[in-house]
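Listed here are the chains, written in short residue letters.
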Amino acid sequence: MTKKDHGISFNLVSKNKLEMLTSEEKLKFILKEVKNGKILVLEHGLTPIEQANLIEQTMREIEQDTFIGVEMEGYGEEKPSFFQKLLGIPRKPRMTLIGPANLLKMVKKDNNMIQTKIIPGRGAR
Amino acid sequence: MGLFGKVSLSSILQRIFGKKHVKIGIYGPPNVGKTTLANRILRDWTGDIMGSVSEIPHETRRAKWKKDVKIENGNSSLTMDIVDTPGISTKIDFKEFMNTWGLTRDEAKRRAKEATEGVIESIKWLEGIDGVLLVMDSTQDPFTQVNVTILGNLEARNLPVLIAANKIDMENSSPATLKSAFPQHPVVPISALTGYNAENLYTTMVKHFGKKHKKKRR
């Protein structure tokens, strides 16, 4: 978030855009946007392996006075049907919310709802 | 001495149907009691301890391991290399160490830096283990992103996971919530601090981690 624009960007990233990117490109894109203070809603979230890679990459990019990490909330992958399992169709990740940890705070999460709050000024900045 | 010399029938069956030696990682978010549980296991089976514990998050910032911990369950047993990993987190704010835990700025910054390295190390260790003892705090909401991410990774790798619902000695604990949140995995309520229900955990570890699982390569 930059002070001059007096607002917080909240971007919905389409499944199409995400599918055009490789895993590495996706993580680079997400981290770049989040480090710029944007909150992203990914229509098609990350696989668990990508999530772990994002955490690893985030840890490498933490800058103690400006970037303290990410808040990421989503649900596990869709459970495959019997036929999907049989045909080896990969599970699909579901919608995921990712933002800078100094802005976004998870309040409550259960099987049906993820509640978050945006708290400007929280954390390192 | 029987037909098979010193080799017992149960050990032959174990060789055929299950594993005898596995590498188990103790995983979870910070401050759920991973090292307390590692210390409990080691104290009970080797008389040793794994490392220091603290109320301040990210006390364990480097992975520690103990080889050849033999856990027995009746006639069967399982020898484990146990890895106590640093807590996994998506964010680390050095100011939290200063404001909540009273560390100096320099101490807090050093701890935060080491903690980020610890998270990376924990994730790297996922590549080399045979199973995970995932420790969750049964007084807290189980649907954290770290829990979901770790479980998703283990499922994608087809690694066996056993959830230790820790801190059941605390009044507000709810291991039943964890059981209903993750019905696809065995959940054992435990107090690593007092040792309550540790026997049940050991029995489940031997049974669950001793089974043959085909690891998926990434």
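Residues numbered from 1 in each chain as written. Chains lettered and ligands numbered in written order. Predicted model: local features only at pLDDT ≥ 70, side-chain atom pairs only at ≥ 80, totals over all residues.

With that settled, the discussion passes to the pairing of strand β1 (residues 21-27) of chain B. Residue and element names in this part refer to chain B. The buried fraction of β1 amounts to five of the seven residues, a majority that puts the element mostly inside the structure. Bridge analysis of β1 against strand β3 (residues 76-84) gives six bridges, and the strand direction is parallel. Bridge pairing in β3 links Val-22 to Met-80. Pairing of β1 with strand β4 (residues 131-137), which is carried by four bridges, proceeds in the parallel orientation. Residue pairing across strands places Gly-25 opposite Val-132, the latter belonging to β4. (Buried ≥ 20, exposed ≤ 12 C-beta atoms within 10 Å, placed from the backbone. Helix = DSSP H or I, 4+ residues; strand = E, 2+ residues; numbered from the N terminus. Pairing = 2+ DSSP bridges.)

So, about the confidence of the model for chain A. Chain-level pLDDT for chain A is 83 on average; 77% of the residues reach the 70-or-more range. Looking across chain A, the model is least confident in helix α4 (residues 82-87) of chain A, with a mean pLDDT of 64, and most confident in helix α2 (residues 23-35) of chain A, with 96. (pLDDT = per-residue confidence, 0-100.)

This paragraph deals with unusual backbone geometry. Its identity as a non-glycine residue notwithstanding, Asn-31 of chain B has a phi of 65 degrees, on the positive side. The class of Asn-31 of chain B is partly exposed, set by 17 C-beta atoms lying within 10 Å.

Moving on to the sheet that holds strand β1 (residues 10-13) of chain A. Residue and element names in this part refer to chain A. Reading across from one edge, β1-β2-β4-β3 is the order of the four strands in this open sheet, with mixed pairing throughout. The open sheet has two free edges, formed respectively by β1 and β3 (70-74), since each of these has just one partner strand. Within this sheet the neighbouring strands show an average axis-to-axis angle of 15 degrees, counted without direction. Here β1 runs beside strand β2 (residues 39-42); their pairing, made up of four bridges, is parallel. Opposite Leu-12, over in β2, you have Val-41 as the bridge partner. Lying on the sheet, α2 is in contact with β1, β2, β3 and β4 (96-100); it crosses β4 at an angle near 50 degrees. (Axes fitted to C-alpha atoms, helices over the stretch in contact; angles between N-to-C directions. Contact = placed C-beta atoms within 7 Å.)

Our next topic: the interface of chain A and chain B. Taken together, the 25 residues of chain A in the interface contact 22 residues of chain B. When residues in the side of chain A that touches chain B are grouped by element, the largest group, nine residues, is from helix α3 (residues 48-61) of chain A. Looking at the side of chain A that touches chain B, its residues break down into 11 nonpolar, six polar and eight charged. (Nonpolar A, V, L, I, M, F, W, Y, C, P; charged D, E, K, R; others polar.)

Residues and elements named next belong to chain B. Strand order in this open sheet of six strands is β2-β3-β1-β4-β5-β6, and the pairing throughout is mixed. Looking at which strands have only one partner, the edges of the open sheet turn out to be β2 (64-73) and β6 (187-189). The sheet shows a mean angle of 30 degrees between the axes of neighbouring strands, direction not considered. Judged from the three bridges that link them, strand β5 (residues 161-166) and β6 form a sheet pairing that is parallel. Residue Ala-164 lies in a different strand from β6, and its bridge partner there is Val-188. Seen against the sheet, helix α7 (residues 198-210) touches β1, β2, β3, β4, β5 and β6 and runs at an angle of roughly 95 degrees to β3.

Another aspect to go through is helix α5 (residues 145-156) of chain B. An ideal rise of 1.5 Å per residue puts 16 Å on 12 residues; α5 of chain B measures up with 16 Å between its terminal C-alpha atoms. In terms of burial, α5 of chain B is a largely internal element, 10 of the 12 residues being buried. Among the residues of α5 of chain B, Gln-145, Val-146, Asn-147, Val-148, Thr-149, Ile-150, Leu-151, Gly-152, Asn-153 and Leu-154 of chain B are the ones counted as buried. Summarising the contacts, the buried residues of α5 of chain B are in contact with α3 and β3 of chain A together with β1, β4 and β5 of chain B. The first or second residue beyond α5 of chain B is Asn-158 of chain B, which carries a positive phi of 60 degrees. (Expected span 1.5 Å × (residues − 1).)

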